[in-house]
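So the chains spell out like this:
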Amino acid sequence: MTALAPLARIHSPPRNAMQSGRANTGGWLLEYAPTPQALDPLMGWVGRGDTRNQVRLRFPTLEAAVAFAEARGISYEVAPPPAERPIKPKVYADNFRYGRTENWSH
């Protein structure tokens, strides 16, 4: 019986919900697919015997991540990057602008 090559997912992670800018969002991430859980016969705990679930590799470009996977014989799938919405700049002084049409009171 031959061992199957590990399956990995290459994707560009979305920005954090607490993050308003675009810093640290340009990279690509390689994560292994989770393996099935097994029951430990002695203790009865559920776990995985494979530590690849804990590995998250970061790459600056998609090409670097694909080259890494191909060089090591890792089968992979590439997920499209998340859609980016434009950041609309806001100015605090616009709240007090002369000629403002909308109500200022809350």
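Above this text you will find the structure in question.
Computed from a prediction, not measured in an experiment: that's the story for all the values here.

Undergrad: Describe the pattern of salt bridges, and please don't skip the residues or the numbers.
TA: Within this structure, the stated rule accounts for two salt bridges. The partner of Glu31 in a salt bridge is Arg56, with the nearest N and O atoms 2.7 Å apart. Placement of Glu31 in strand β2 (residues 28–32) and of Arg56 in strand β5 (residues 56–59) is noted, with a sequence separation of 25 residues between them. Across the pair Arg52 and Asp50 runs a salt bridge, and its minimum N-O distance is 2.8 Å. Look at Arg52 and you get partly exposed, because its relative accessible area is 32%. Among the residues examined, Asp50 registers a relative accessible area of 24% and is labelled partly exposed.

The rules behind each value
Residues numbered from 1 in each chain as written. Predicted model: local features only at pLDDT ≥ 70, side-chain atom pairs only at ≥ 80, totals over all residues. Heavy atoms only, no water. Salt bridge = Lys/Arg side-chain N within 4 Å of Asp/Glu carboxyl O. Helix = DSSP H or I, 4+ residues; strand = E, 2+ residues; numbered from the N terminus. Buried < 20%, exposed > 50% of the residue type's maximum accessible area, 1.4 Å probe, protein only.

None of this, on its own, says anything about what the molecule does.
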